[in-house]
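The primary structure of each chain is shown beneath.
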Amino acid sequence: MRYIQKPGEDPGFQMLSNIDWKWPTLGVFLFLVSFGNFGLLLIVYFLCILVGALVIAVYHGRQISLQTQKTDFPELPKPQLGVIKIMKTMENITKIKNFDKRMTGASVIDEVLQEVLKHAFRDYIKAWYRQISDHDGFLLDIRQTVQKVAITFATRSKEVDWMPYFTQRLVDDFASHIKLYRRATDKVNMSSKEAGYEEHVVSEFFDLELEMEKNMCRDVVCLDPDSERQYLQDLSEVLLFLLLPQEDFHNKSFRYILREVLVNGIFLPTIDLMSDPDYVNQNIAWFCTERTLTNETFLQVAKSSIDIDELEAVKEIVEQNIHKWRSKDSGGIDDALVKQNLNSLVFVKTICEGRIKRLIDGVDDNIDISDICRARNIFILSLDEIIENNIALAVFIEFMTSVGGQMYLFFYLNVEGFRAAAEQQIRAAQQRAMGGEATEVDLESLRRAALIIHDQYLSDKASSRIKIDSEIVKRTLQRIKSKFLSESVFDEVAAKVYQILHTEQYYEKFLQSNVYTKLMEDLGLVKEDRLEEGDNISIDDNISMKSGSSLGNEDLANDSSDEIPAPALKPNMAQSDDEEFISAFISQTGIVKEAEKSGKTYAVFAVRVTKKVNGEDDIQEIYRRYSDFHDLNMLVQEKFPDLPGPGLPGKTMLKNMNQEFLEKRRKSLDNYLQNLLNPQLWDENKGLKDLLMKFLAQGLWEKHKSDLARKMDTIVNPLRTAGRAMAPDHIVDGLGKKFRSDSLGDREKLESGKVAASIDQAAGENIPLRIMLLLMDEVFDLQHKNQWLRRRIVPILRQLLKATYGDTINRKIVDHVDLMTSAEQMAEYLKKLRDAFWPDGVLAEPRTERDHNTKMRTRIVCKAKMLGSVSDDMKTLMGQEVIRKGVTRVFDMFQHRQLNRRLVYVFLEGVIITLFPHNKFSDLFCKLHSRSSRLKAKEEMAKSASMKDSSIRKRTTKR
């Protein structure tokens with residue numbers, strides 16, 4: 001019977017009503033009847049088991065939870081009402097509001113800087129802070145602090161004149177660093193210390209640094225990591241005091257955390273990276289353009305390398321490329337290209353193997369011969385330079401004939417001729433093909449020429465056969481007979497012959513022979529009257545000597561005449577017989593503007609001349625520009641080169657109309673004029689008075705030297721001044737030079753001092769060029785070369801002037817520095833920093849360690865690019881060997897990690913001193929570097945010497 005639900009009745013009750021209870025009731029009844037009391041006990045037993053299991057599980061779980069809480073999580077105090085209140089307050093705080101984002105005052109910089117700060121906060125602060133709290137107040141405080149520091153730093157930077165630092169101090173610091181390295185390597189080489197060469201160089205370097213700096217040495221900072229960290233911590237404390245807001249600095253916890261972040265997160269990683277030789281090599285190779293890496297420079301570096309690891313690394317990559325190209329050597333259209341590349345790679349491999357063998361055998365042709373020739377005051381011609389010079393080649397052929405090696409030289413010359421002819425023929429055919437003319441290279445004529453060379457020098461029946469490995473000869477013959485003949489068919493055997501020519505049996509023996517000395521004399525590369533031993537010549541000694549004075553001035557003025565042309569004066573400038581000169585002086589100075597012409601302004605100097613005319617004083621004022629005095633000075637130097645007294649003040653390359661400067665210039669010119677008006681000089685130098693009377697006559701002074709001559713004289717004067725300051729004073733007596741005894745001490749002081757110490761800062765304004773020239777002097781070691789090389793500095797300067805298209809070199813330097821420090825360029829630097837650390841807005845992956853062979857190959861590429869960056873004119877004027885050694889010196893200097901650290905710290909200290917000129921950072925750095933053991937040992941020696949002198953004085957007084 002179906003149950004019908006009543007209205008308003010519960011549906012659950014309906015479900016229970018619908019269940020048929022007959023069958024469950026029947027089942028229970030049958031169970032009780034069948035099992036009786038035992039069945040009831042069984043049901044109770046199962047219920048007890050179930051309840052017991054649940055009780056045990058709950059109890060055991062509670063015990064485990066309590067034990068875990070006690071061991072892993074200590075009991076925390078119950079939250080107080082104050083904590084709960086603060087949490088509620090923090091939850092009600094809104095997000096960071098917009099604030100002023102201006103920092104440097106230049107929008108182009110601020111935009112990029114904001115991006116950098118955004119990425120830095122995201123990856124270095126929010127990454128860990130968001131795990132602690134979602135509160136943005138901390139981030140806001142940090143961002144505002146960073147912004148205040150940036151504003152303070154930008155304000156300081158704007159108040160500083162960075163030009164003197166970049167054009168003077170920076171170059172001087174780098175040149176002085178090279179100078180210390182050169183002197184250190186010279187000392188170590190003289191002491192013949194083979195074991196631990198690098199350690200000896202570093203030790204000598206810091207000894208010389210103490211000698212140069214007098215009261216500080218950076219050896220502890222560069223060699224001891226703990227002292228370096230302490231130094232950076234002390235420096236960071238001072239910088240935070242100057243840059244941080246006062247309330248933030250006095251918060252010790254925040255200050256210490258920020259200091260450690262600066263030292264361990266910024267300073268140390270950056271200094272480690274910048275002092276890494278491999279990183280320096282990569283950046284130098286990156287700065288140099290790709291066109292500087294040529295086949296010639298690469299082979300030159302490989303031939304002159306003294307590091308077996310470098311050559312092995314190059315050999316490894318060459319062998320890999322050989323296998324790669326051999327896999328493509330299967331004929332076809334590109335078969336000629338494949339064979340040409342294979343020949344070139346085999347040629348490089350042969351050079352590396354030959355160089356490695358020579359180094360293993362202990363033969364180094366880059367050191368011994370140069371030392372011998374330097375001791376003999378002879379310029380060194382490389383083997384390539386000898387072959388390229390007709391006169392030198394003729395002498396070398398005679399020498400090779402005398403020692404029985406002429407066949408090697410003849411073969412090499414024939415191969416070079418074949419290469420040139422083949423290249424010309426192939427190029428001509430390619431040009432005709434480009435012009436639409438169907439043509440082919442006449443390979444048969446080239447093959448006949450190659451076979452003639454082979455039959456004459458390489459075949460077994462050749463009368464002039466040279467000794468070469470038979471396998472190389474076979475491979476060369478196969479290339480000659482191959483279908484695709486190229487100009488590089490003899491490259492492998494030519495490399496072997498070149499190595500044979502470069503051995504001590506031929507080339508090295510030639511450099512030590514009297515024939516080579518006579519050749520140098522014929523070429524004018526060495527003086528016939530040799531300088532006395534130990535007579536080091538300065539850059540411009542040849543200009544200072546009587547014999548060289550006319551040459552230097554003629555070169556500069558482009559004037560072939562030996563006589564000074566008589567000044568063409570105006571009629572009213574003639575001096576009458578009744579006039580008697582009394583005195584002249586520069587009374588005042590002023591500024592003149594050419595309104596009718598280009599509006600150019602310049603300074604003029606009023607010279608008051610007093611003469612006695614018919615018994616009465618006649619006072620006149622004439623007006624002269626600095627260029628007039630400059631022209632007069634050049635005439636005086638030509639006619640009276642030995643005239644003593646103060647020289648003409650240096651020409652300012654940057655137009656300076658400051659009244660203080662003009663007054664200083666007036667006094668200097670007046671001193672120069674008073675020296676020329678000395679009657680005693682007139683008696684000793686006939687013609688000087690007449691020249692001065694014409695200069696002091698009424699009217700305009702007509703210049704006798706061209707603008708080019710005056711500009712060249714302006715450029716040479718710094719070099720001349722520096723050369724005289726750095727060289728011993730000398731007296732020319734027509735037979736030679738004698739040193740003054742007191743000048744040797746001055747030379748030692750200048751040699752141990754900084755490079756710019758030889759420049760008189762008050763003498764002129766063209767300081768940047770002077771320091772650049774002295775930097776070139778240190779790089780190429782011109783102070784220790786022979787006189788011929790020093791004379792060649794004049795055409796070098798002419799090339800420098802030509803490169804500037806007539807503009808002043810100093811102005812080019814200053815304009816370049818202005819461009820590099822402009823707001824736009826600073827923004828570009830920040831963009832490069834952003835892209836380097838966050839490419840596409842994502843934090844960059846850590847730098848992977850490069851393998852040893854890759855680093856060695858980078859060294860080769862870096863040296864090749866540095867050598868290729870030197871212009872051909874410079875190589876021609878100064879010599880291939882001088883350029884190679886100068887570039888090698890700079891490269892080797894960068895391979896010392898400790899010395900690189902020293903250079904980084906020098907630059908850092910220079911920037912800080914320039915940025916905070918009124919905070920006595922120079923004294924602070926002296927105190928920070930006073931921990932040096934070298935400095936303490938020096939002070940103890942000075943103290944003991946002082947006590948010893950005091951005791952001697954006391955004994956003398958008692959006696």
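Residues numbered from 1 in each chain as written. Predicted model: local features only at pLDDT ≥ 70, side-chain atom pairs only at ≥ 80, totals over all residues. Heavy atoms only, no water.

Caption draft 1: Structural context of unusual backbone geometry. Of note, the phi angle at Lys 214 is positive, near 75 degrees, even though the residue is not glycine. Even without being a glycine, Asp 840 presents a positive backbone phi close to 55 degrees. Looking at the element boundaries, Asp 840 is found in the loop between α39 (823-837) and α40 (852-869). (Helix = DSSP H or I, 4+ residues; strand = E, 2+ residues; numbered from the N terminus.)

Caption draft 2: Molecular detail of the packing of aromatic side chains. In the structure shown here, the tally under the stated rule is 24 aromatic pairs. Look at Trp 128 and Phe 138: their rings are 6.3 Å apart centre to centre, the planes differ by 65 degrees, and that puts the pair in the edge-to-face class. Of this pair, Trp 128 sits in helix α6 (residues 126-129) while Phe 138 sits in helix α7 (residues 137-159), and the two are ten residues apart along the sequence. Ring geometry for Phe 921 versus Phe 925: centroids 5.8 Å apart, planes at 35 degrees, classification tilted. With Phe 921 and Phe 925 both in helix α44 (residues 921-928), this residue pair falls four residues apart, about one helical turn. Accessibility expressed as a relative area gives 2% for Phe 921, which makes it buried. Through a chain of ring-to-ring contacts, the aromatic side chains of Phe 396, Phe 399, Phe 510 and Tyr 516 assemble into a single cluster. Above the ring of Phe 121, the side-chain terminus of Arg 143 is found at 5.5 Å from the ring centroid. Taking the ring centre of Phe 695 as reference, the NZ or CZ of Arg 624 above it sits at 5.3 Å. (Phe/Tyr/Trp six-rings, centres within 6.5 Å; stacked < 30°, edge-to-face > 60°. Buried < 20%, exposed > 50% of the residue type's maximum accessible area, 1.4 Å probe, protein only. Lys NZ or Arg CZ within 6 Å of the ring centre and 35° of its normal.)

Caption draft 3: Region of the structure containing the pairing of strand β2 (residues 601-613). In this sheet, strand β3 (residues 616-625) lies alongside β2 in antiparallel orientation, the contact comprising ten bridges. Looking across to β3, one finds that Val 607 is bridged to Ile 622. Here β2 hands over to β3 after two residues, with Asn 614 in that stretch at a positive phi of 55 degrees. (Pairing = 2+ DSSP bridges.)

Caption draft 4: Representation of the pattern of salt bridges in the model. Evaluated as defined, the whole model comprises 38 salt bridges. The closest approach of N and O atoms between Arg 419 and Asp 491, which form a salt bridge, is 2.3 Å. One end of the pair, Arg 419, is in helix α21 (residues 406-434); the other, Asp 491, is in helix α24 (residues 491-501), with 72 residues separating them in the sequence. Residue Asp 491 is classed as buried on the basis of its relative accessible area, which comes to 6%. Notably, a salt bridge pairs Glu 849 with Lys 855, separated by 2.8 Å at the nearest N-O pair. Put simply, Glu 209, Glu 213, Arg 218, Arg 902 and Glu 909 are held in one network by salt bridges that share partners. (Salt bridge = Lys/Arg side-chain N within 4 Å of Asp/Glu carboxyl O.)

Caption draft 5: A look at the environment of Arg 859. With respect to the helices, strands and loops of the structure, Arg 859 is situated in helix α40. For Arg 859, a relative accessible area of 15% puts it in the buried group. Distance in space between the C-alpha atoms of Arg 859 and Asp 278 is 7.7 Å, their sequence separation being 581 residues. In contact with Arg 859, not counting residues within four places along its chain, are Asn 281, Asp 307, Glu 310, Phe 891 and Gln 895. Within the structure, Arg 859 has its side chain in polar contact with the side chain of Glu 310 (distance 2.6 Å). (Contact = heavy atoms within 4.5 Å. Polar contact = N/O pair within 3.5 Å; in protein donor to acceptor, adjacent residues only side chain to side chain.)

Caption draft 6: The arrangement of the packing of helix α43 (residues 897-915) against α44 in detail. Put simply, α43 and α44 touch, their axes get as near as 9 Å, and they point 145 degrees apart. Between α43 and α44, the contacting residues are Glu 909, Ile 912 and Ile 913 on the first element and Phe 921, Ser 922 and Phe 925 on the second. Classifying every residue of the contact of α43 with α44 by side-chain character gives four nonpolar, one polar and one charged. (Axes fitted to C-alpha atoms, helices over the stretch in contact; angles between N-to-C directions. Nonpolar A, V, L, I, M, F, W, Y, C, P; charged D, E, K, R; others polar.)

Caption draft 7: Highlighting the nonpolar core. Counting 81 residues, the largest nonpolar core has Tyr 231, Leu 232, Phe 916, Phe 921 and Phe 925 as its most contacted members. Take this core: its biggest share by element is ten residues, from helix α17 (residues 335-360). Residue contacts for Tyr 231: discarding those within four places in its chain leaves Val 221, Tyr 905, Glu 909, Phe 925, Leu 928, His 929 and Arg 931. Grouped together as the second largest cluster of nonpolar side chains are 43 residues, Ile 380, Ile 466, Val 493 and Leu 501 included. (Core = buried A, V, L, I, M, F, W, Y, C linked by side-chain atoms within 4.5 Å.)

Caption draft 8: Layout of α39. Taking 1.5 Å per residue as the helical rise, α39 with its 15 residues ought to reach 21 Å, and the 21 Å between its terminal C-alpha atoms agrees with that figure. Taken as a whole, α39 has its buried residues at Ala 827, Leu 830 and Arg 834. End-on, the buried residues of α39 take up no more than an arc of 60 degrees, which puts them together on one face. The exposed residues of α39 that point more than 90 degrees off its buried face are Lys 832 and Ala 836. At its buried positions, α39 is contacted by α5 (107-124). (Expected span 1.5 Å × (residues − 1). Arc of directions from axis to C-beta.)

Caption draft 9: Seen up close, a nonpolar patch on the surface. Taken together, the side chains of Phe 35, Phe 38, Leu 42, Tyr 45, Phe 46 and Ile 49 define a hydrophobic patch exposed on the protein surface, amounting to about 630 Å² of accessible area. The leading source of residues in the nonpolar patch is helix α3 (residues 37-72), at five residues. (Patch = residues over 30% accessible without salt bridge, like charges linked within 9 Å, V, L, I, M, F, W, Y side chains within 5 Å. Areas by Shrake-Rupley, 256 points an atom, 1.4 Å probe, with all protein chains shown as cover.)

Caption draft 10: Focus on the packing of helix α13 (residues 252-274) against α43. Running from N to C, α13 and α43 cross one another at 125 degrees; their axes reach a closest spacing of 9 Å. Between α13 and α43, the crossing angle belongs to the class labelled oblique. For the pair α13 and α43, the sense of crossing is right-handed. Each of Leu 268, Ile 271, Asp 272 and Met 274 in α13 lies in contact with α43, whose residues at this interface are Arg 897, Arg 901, Val 904 and Tyr 905. Classifying every residue of the contact of α13 with α43 by side-chain character gives five nonpolar, no polar and three charged. (Parallel < 35°, antiparallel > 145°, perpendicular 65-115°, else oblique. Left-handed = near helix turned anticlockwise from the far one by under 90°.)

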